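So you can see what is in the structure, the chains are spelled out below.
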Amino acid sequence: MRRISKLTRVAVGVASLALAATACGGTSGDSGGESKENLGLAIAYDIGGKGDQSFNDAAYAGLQKAAKEFGYKTADIEPTEGETDADKEQRLASLARQGYNPVIGVGFAYGPAMQAVAEKYPDTTFGIVDSVVEGDNVASLVFAEEQASYLAGVAAAKATKTNTVGFVGGVDIPLIHKFEAGYKQGVAETNPDVKVVSQYLTQTAEEGGFSSPDKGKAAAEGQIEKKADVVYQAAGLSGQGVIEAAAKAKVWAIGVDSDQYQQEALSAYKNYILTSALKDVGGAVYTLAKSVEDEKPLTGTQTFDLKVDGVGLSESNPEFAKIAGLQDAVNKAKEGIIDGSIKVKTE
């Protein structure tokens, strides 16, 4: 299996792409039913869709980079409300039949659908973000979210003045537990006197935990009432509400996945976005697209961690460098994670 030594960093963009793919009926097929023309990269979004200023927009940035560099057609497809695994399966199969390659499902929710579709289209390379799917033509793009979250915890512990910080998770699932675990460990190992107040918005994604800014705002407001003056969110589109609440109360927010300080849609709140725990979904998407373009498609589990710049912590806000001891503490923690002297928990 080919190893990735370095990811290309991708600046997140949110411009619209004037393309749509037709979702043809049925999911059965074989390699003989696929288009012989390779139309290029296609991505199917997770809950919240494009415009979340976070996870999905990071994937879109990778698509934009691939389209520009390789000069081919691309497609990006929105999810539908209340959709089933069968709907996702139909979407992925339709993209493969049309000739898109690779086809990437952005989010763990595509796992069952990709497992079913990939073996029916063996000449297409599939990718899935945040989940592991077995298959000779599937690349599982997973991240060390806990490592970036540990760094966010270090930053929060250095920035707090009340010794209380918050964590808002979108949905109570193992993936988001990784964010919380790393964050709490980073806080505790930087300053054990700092208390972390945690809340999950919903038990399931279908309840809107990743797509309801109002829920995120209410949760953050509750934590701020408990004296939290730094609030970290791993909540997709709902995280915008957390950032809004933090800015209104004039306390720090910590963004996620993309550098949310740089997001135009969040510019009204940027002065209160201390940093963001980065997850280079765009770089992973582009890397898979490039491997297909080079006729050496990646397969198997591809892990993106601090060693390959697959995760990290943003430093865009000038205030980041002004907080006493913060930069040095983050640098020391990063070195420790990379050399193995710091073992970050995932639960």
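Above this text you will find the structure in question.
What counts, and at which threshold
- Residues numbered from 1 in each chain as written.
- Predicted model: local features only at pLDDT ≥ 70, side-chain atom pairs only at ≥ 80, totals over all residues.
- Heavy atoms only, no water.
- Helix = DSSP H or I, 4+ residues; strand = E, 2+ residues; numbered from the N terminus.
- Expected span 1.5 Å × (residues − 1).
- Contact = heavy atoms within 4.5 Å.
- Buried < 20%, exposed > 50% of the residue type's maximum accessible area, 1.4 Å probe, protein only.
- Pairing = 2+ DSSP bridges.
- Phe/Tyr/Trp six-rings, centres within 6.5 Å; stacked < 30°, edge-to-face > 60°.
- Lys NZ or Arg CZ within 6 Å of the ring centre and 35° of its normal.
- Axes fitted to C-alpha atoms, helices over the stretch in contact; angles between N-to-C directions.
- Right-handed = clockwise from strand over helix to strand, strands pointing away.
- Parallel < 35°, antiparallel > 145°, perpendicular 65-115°, else oblique.
- Left-handed = near helix turned anticlockwise from the far one by under 90°.
- Nonpolar A, V, L, I, M, F, W, Y, C, P; charged D, E, K, R; others polar.

## Points about helix H1 (residues 55–70)
Alright, step 1. Over its 16 residues, H1 extends 23 Å from the first C-alpha to the last, a length consistent with the 22 Å expected when each residue adds 1.5 Å.
Alright, step 2. A positive phi of about 65° marks Gly71, the residue just after H1.

## Topic: the side chain of Ser149
Alright, step 1. Mapping Ser149 onto the fold places it in helix H4 (residues 145–159).
Alright, step 2. When near neighbours in sequence (up to four residues on either side) are disregarded, Ser149 contacts Phe179, Gly182, Tyr183, Tyr232 and Ala277.

## Looking at the pairing of strand S3 (residues 100–106)
Alright, step 1. Within S3, seven of the seven residues are buried, which leaves the element mostly enclosed by the surrounding structure.
Alright, step 2. Of the two faces of S3, the one carrying Tyr100, Pro102, Ile104 and Val106 and the one carrying Asn101, Val103 and Gly105 are both buried.
Alright, step 3. Examined bridge by bridge, strand S1 (residues 40–44) and S3 share four bridges and lie parallel to one another. Bridge assignment links Gly40 to a residue of S3, and that residue is Tyr100.
Alright, step 4. One ladder, built from four bridges, connects S3 with strand S4 (residues 126–129); its direction is parallel. Note on S4: the bridge partner recorded for Ile104 is Gly127.

## What about the packing of aromatic side chains?
Alright, step 1. Going through the model one piece at a time under the given rule, you end up with seven aromatic pairs.
Alright, step 2. A ring pair is formed by Phe167 and Tyr200, whose centres lie 6.1 Å apart and whose planes are at 70°; its orientation type is edge-to-face. Of this pair, Phe167 sits in strand S6 (residues 164–171) while Tyr200 is found in strand S7 (residues 195–202), placing the two residues 33 residues apart along the sequence.
Alright, step 3. An aromatic cluster of three or more residues is present, and its members are Phe167, Tyr183, Tyr200 and Tyr232.
Alright, step 4. A cation over a ring is seen here: Lys65 above Tyr286, with NZ or CZ 4.9 Å from the ring centre.
Alright, step 5. Sitting above the plane of the Tyr261 ring, Lys270 keeps its charged end 4.6 Å from the centroid.

## Notes on the sheet that holds strand S10 (residues 273–279)
Alright, step 1. The mixed open sheet is built from six strands, whose spatial order is S7-S6-S8-S9-S10-S12. The sheet terminates laterally at S7 and strand S12 (311–313), the two strands that pair on one side only. Taking each pair of neighbouring strands and ignoring which way they run, the sheet shows an average axis angle of 15°.
Alright, step 2. Across four bridges, S6 lies against strand S8 (residues 230–234) in parallel orientation. Within the sheet, the bridge partner assigned to Gly166 lies in S8 and is Val231.
Alright, step 3. Taken strand by strand, H4 contacts S6, S8, strand S9 (252–257), S10 and S12, and its axis lies near 10° from that of S12.

## A word on the pairing of S1
When a strand is regular, its side chains alternate between the sheet's two faces.
Alright, step 1. For S1, the tally of buried residues reaches five of five residues, placing the bulk of the element in the interior.
Alright, step 2. Note on the crossover from S1 through H1 to strand S2 (residues 75–77): the handedness is right-handed.

## Thoughts on the sheet that holds S4
Alright, step 1. Taken in spatial order, the six strands of this open sheet run S2-S1-S3-S4-S5-S11, and their pairing is parallel. One side of each edge strand has no neighbouring strand; the edge strands of this open sheet are S2 and strand S11 (300–304). For this sheet, the mean angle separating the axes of adjacent strands, direction not counted, is 20°.
Alright, step 2. By the bridge criterion, four bridges tie S4 to strand S5 (residues 138–143) in an arrangement that is parallel. Bridge pairing links Phe126 to Val138 in S5.

## Quick word on the packing of helix H6 (residues 213–225) against helix H7 (residues 239–249)
Alright, step 1. Orientation of H6 relative to H7, taken along the N-to-C sense of each, is 40°, at an axis distance of 6 Å. Judged by the inter-axis angle, H6 sits oblique to H7. For the pair H6 and H7, the sense of crossing is right-handed. Residues Pro213, Gly216, Lys217, Ala220, Glu221 and Ile224 of H6 form the contact with H7, whose own contacting residues are Gly241, Val242, Glu244, Ala245, Ala246 and Ala249.
Alright, step 2. Taken together, the residues of the contact of H6 with H7 sort by class into seven nonpolar, two polar and three charged.

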